[in-house]
Amino acid sequence: QPITQPNEIEKIVDHALNQTKIIDMHTHLFPPSFESLCLTGIDQLLNYHYLVSETFLWSDLPYETFWRLSEKERAEYVWETLFVHNSPVSEAGQGLLTILQMLDVPVSKDLNQIRRWFNQQRDVHKYIDRIMDMANIDRIVMTNDPFDPVERKLWKKQHPDQRFLPALRLDPLLNHWSDTYPLLQSMGYDVMEKLTTQTVEQVQRFIRDWIAVMNPVYVAVSLPYYFNYPQDSVSTALLDHCLLPVCAEYRLPLALMIGTKRRVNPDLQLAGDMAGHAELTSLEHLCRNYPQQKFLVTMLSRENQYELVTLAQKFRNMMVFGCWWFLNTPQLIEEISQMRFDQLGNRFIFQHSDCRIFEQLLYKWAHSKQVLRGMLVKNYQALLERGWQQTAADIRRDIDKLLCRNFVDFVQLPSS
Ligand code: REL
Ligand code: ZN
C-alpha cells in the first residue's frame, strides 16, 4: 500500500539499499584464477596508488628509493607516513579505516598486528565470497587489457567464475597508435603505421579475436582531455573504421571514459595521472553519428559534469555512469548525482567502484551508498509532499535500476 508517513521512507530506503544486489560495472578486480592479478590484503591496500601519491606529499624520499623497496616495505612506509604521523582523513585514508572496521580487524597503530589478521585469511575464494557478500555485489566487471603481456597469457586458461564479467579495454590502440602497431605486428597482425585497407582489416581482426577470447560485456577506452572527434587523425580513423564497426557487428556497447591527463608526474608511476577539462562536442558527434551504437560514458573533470548531464538528456544511446576516480568522494558524488537525478531522473548508473584490491569494495560501496541514501530519502519525501502515491515496491524498483538494472538493460546482459 502507498506510503503515507515521511519516516517510513527512511526504513524502506535502508532496507532496499541493503537488499539490492549491485553490479559493479567498472573495476580493476580479477578473480583468483587470474593469479597475480587478483589483489587482496593489507599490504596491497596500503600500496593503493591514491595512498602512495598522498604519502609523497609528506616525504622527501627520492621516488626511485621508494620504488626499489619491496611491496611490504612500501606498505610500511605508507602506514608510517599517513596513519602514524598523520591522521588519515582523506577519502582513501578513511576508506582503509572503513575496511578494517567492516571486517572487524582489531585496529591499532601497529601494522604487524593488523597484518596478523589478514594473514589468517587463508582461503582466498571464501574471503572474496565474504567480501562480495558483505558489499552485496553479485557481479563485477573487470578491465581486460589484451596489450598487457601478463594478462594475455592468463587468457589461455579457463575462467569459470561467472560473477566476473570481462570488458575489453583498448586504450593503447586508440591513444598510442605509433607504439601499438609494432605490438600488433609482434602478435602476428599484418599492420603498418598508415591505416591502409589491409591495416584496418587486421586491426578489426585483432579486436574480433579478443572478443572471441574474452566475450566482453562492453568494449572500453579511456580518452585524454584533449580527445577530439571527428578529426583528421588516427584515432578518429580507428574509431570510424575499426572499433565502431566491430562493436556494431557484435552489438557491443562502447564505454568512453573521458578526461585523463596521464603521467603528469611520471615518477609516481600509476599514481602520476590527473584530470583535465574536455570538450563535449566530440561526444555529441559520436552519439549523433552512431545512433545505433550504445555509449557508456563517464568523465573525469568536475567541470564537465553539467554539460555531460545535459548531453545525456539528448541521446538515449548514451548512459552516464559513476563518479570516476578523483570524483569518487562523498562531496562530489552528492553534487554530481544530484545533478543527474534532477536532469535524468533515475536513468543513470549511480556508481562503479574502480576497485583494484578486493577489500576496497567494502569502503567504496559503503561510502557511495551512504550518500545515495540521503539523496533517495530526500527525493521520495519530496514526492510524498506533493501527494504522490508511492509504494515500497516503487522505491525498490528504482534502487535496483540505479545499482544494477540500468546497466544490465543497457548492455543487454542476460540475468544472472
Ligand atoms: O580505468 C582507468 O583508466 C582508471 O580508473 C585507472 O587507470 C585509475 O588508475 C584507477 O585506479 C582510478 O580509480
Ligand atoms: Zn578504472
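Residues numbered from 1 in each chain as written. Chains lettered and ligands numbered in written order. Predicted model: local features only at pLDDT ≥ 70, side-chain atom pairs only at ≥ 80, totals over all residues. Heavy atoms only, no water.

What to know about the overall build of the protein
To be explicit about the condition: The helix count covers DSSP runs of H or I at least four residues long, the strand count covers runs of E at least two residues long, and both are numbered beginning at the N terminus. Computation of the radius of gyration draws on C-alpha atoms, with the globule rule given as 2.2 Å multiplied by the number of residues to the power 0.38. The classification of residues rests on relative accessible area computed with a 1.4 Å probe and restricted to protein chains. Under 20% of the type maximum is buried, over 50% is exposed, and intermediate values are partly exposed. The contact rule is simple, with two residues in contact once any of their heavy atoms fall within 4.5 Å. Per-residue accessibility takes into account occlusion by the displayed protein chains alone, with areas from the Shrake-Rupley method and a 1.4 Å probe. When charges are counted, Lys and Arg are positive and Asp and Glu negative, with His and the chain ends excluded. We put the charge of a Lys on NZ, of an Arg on CZ, of an Asp on CG and of a Glu on CD.
The helix and strand inventory of the protein stands at 18 helices and nine strands. Over its C-alpha trace the protein gives a radius of gyration of 22 Å, about what one expects of a compact globule, namely 22 Å for 416 residues. Reported as C-alpha extents along the three principal axes, the dimensions of the protein are approximately 65 × 55 × 40 Å. Out of the 416 residues belonging to the protein, those deemed buried represent 54%. Counting contacts in the protein only where the partners sit at least 6 residues apart, residues at least 24 apart contribute 77% of the total. For the protein, the accessible area works out to roughly 19000 Å², and carbon and sulfur atoms hold 49% of it. For the protein, the centre of its 42 positive side-chain charges and the centre of its 49 negative side-chain charges are spaced 4 Å apart.

Let's talk about the pairing of strand β5 (residues 218-224)
Convention followed: Two strands are said to pair when DSSP picks up at least two bridges between them. Convention used here: a crossover is right-handed provided that the path from the first strand, over the helix, to the second strand proceeds clockwise when the strands point away from the viewer.
Most of β5 is tucked away: seven of the seven residues are buried. Here six bridges tie β5 to strand β6 (residues 254-261), and the two strands are oriented parallel to one another. In the sheet register, Ser222 faces β6, and the bridge partner there is Met257. What joins β5 to β6 is helix α13 (residues 234-250), and the crossover it makes is right-handed.

Looking at the nonpolar core
Test applied: By nonpolar core is meant a set of buried Ala, Val, Leu, Ile, Met, Phe, Trp, Tyr and Cys residues that side-chain atoms within 4.5 Å join together.
Ranked by internal contacts, the top residues of the largest apolar core, which has 147 residues, are Ile207, Leu296, Leu361 and Phe407. The contacts of Phe407, once residues within four sequence positions are left out, are Ile23, Met25, Val141, Val217, Tyr218, Leu296, Ile349 and Leu413.

Structural notes on the site of ligand 1
Quick note on the threshold: We call a residue near a molecule or strand when any one of its heavy atoms sits within 4 Å of it. Here a polar contact is taken to be a pair of N or O atoms separated by no more than 3.5 Å, where protein atoms must pair a possible hydrogen donor with a possible acceptor and residues adjacent in sequence count only if both atoms sit in side chains. Points on a 1 Å grid over protein atoms alone make up a cavity when a 1.4 Å probe fits among them but cannot get out, and a pocket when they form an open set with protein on both sides within 12 Å along at least five of seven lines; lining residues each have an atom within 4 Å of a point. Here the criterion for a molecule occupying a pocket or cavity is that more than half of its atoms lie within 2 Å of the pocket grid points. Any residue outside Ala, Val, Leu, Ile, Met, Phe, Trp, Tyr, Cys, Pro, Asp, Glu, Lys and Arg is labelled polar, Gly included; the first ten of those are nonpolar and the last four are charged.
Taken together, His26, His28, His49, Tyr50, Arg169, Met257, Arg262, Trp324, Trp325, Asp354 and Arg356 make up all the residues around ligand 1. Measuring from an oxygen atom of ligand 1, one finds a side-chain N or O atom of His26 at 3.2 Å. A distance of 2.7 Å separates an oxygen atom of ligand 1 from a polar side-chain atom of Arg169. If ligand 1 stood free it would expose 330 Å²; the protein chains cover 97% of that surface. According to the grid-proximity analysis, the pocket containing ligand 1 is the largest pocket. Taken together, the residues of the shell around ligand 1 sort by class into four nonpolar, three polar and four charged.

Observations regarding the coordination of the zinc ion (ligand 2)
What counts, and what does not: Nitrogen, oxygen and sulfur within 2.8 Å of a metal are treated as its donors, or within 3.2 Å for sodium, potassium and calcium (Na, K, Ca); water is not counted, so a site can appear incomplete.
The protein atoms that coordinate the zinc ion (ligand 2) are His26 (NE2), His28 (NE2) and Asp354 (OD), at distances spanning 2.0 to 2.1 Å. Sequence positions of the donors to the zinc ion (ligand 2) reduce to the motif H-x1-H-x325-D. Across the pair, exposure class does not vary: His26 and His28 are buried alike.

Considerations on the packing of aromatic side chains
Formally: For Phe, Tyr and Trp, rings pair up if their centres lie within 6.5 Å, where Trp contributes its six-membered ring, and each pair is then called stacked (planes under 30 degrees apart), edge-to-face (over 60) or tilted (otherwise). A positively charged side chain is recorded as over a ring if its NZ (Lys) or CZ (Arg) lies within 6 Å of the ring centre. The angle to the ring normal must also be within 35 degrees.
Summed over all chains, the structure comprises 19 aromatic pairs. The ring of Tyr225 carries Lys261 above its face, with NZ or CZ at 5.1 Å from the centroid. Geometry around Phe410 places Lys294 over its ring, the cationic atom sitting 5.2 Å from the centre.

What to know about the confidence of the model for the protein
Rules: pLDDT: the predictor's confidence for each residue, scored from 0 to 100.
Per-residue confidence for the protein gives a mean pLDDT of 98, with 100% of residues at or over 70. Reported confidence for the predicted complex is 0.99 by ipTM and 0.98 by pTM.

Section: helix α18 (residues 392-411)
Cut-off, in case you're wondering: Expected span of a helix, by definition, is 1.5 Å for each gap between consecutive residues, and there is one gap fewer than residues. What we call the bend at a residue is the angle made by axes fitted to the seven residues finishing there and the seven residues starting there.
Over its 20 residues, α18 extends 27 Å from the first C-alpha to the last, a length consistent with the 28 Å expected when each residue adds 1.5 Å. The sharpest bend along α18 measures roughly 65 degrees and falls at Lys401. Those residues of α18 not exposed but buried are Ile395, Asp398, Ile399, Leu402, Leu403, Cys404, Asn406, Phe407, Val408, Phe410 and Val411. Downstream of α18 by one or two residues, Gln412 has phi in the positive range, about 55 degrees.

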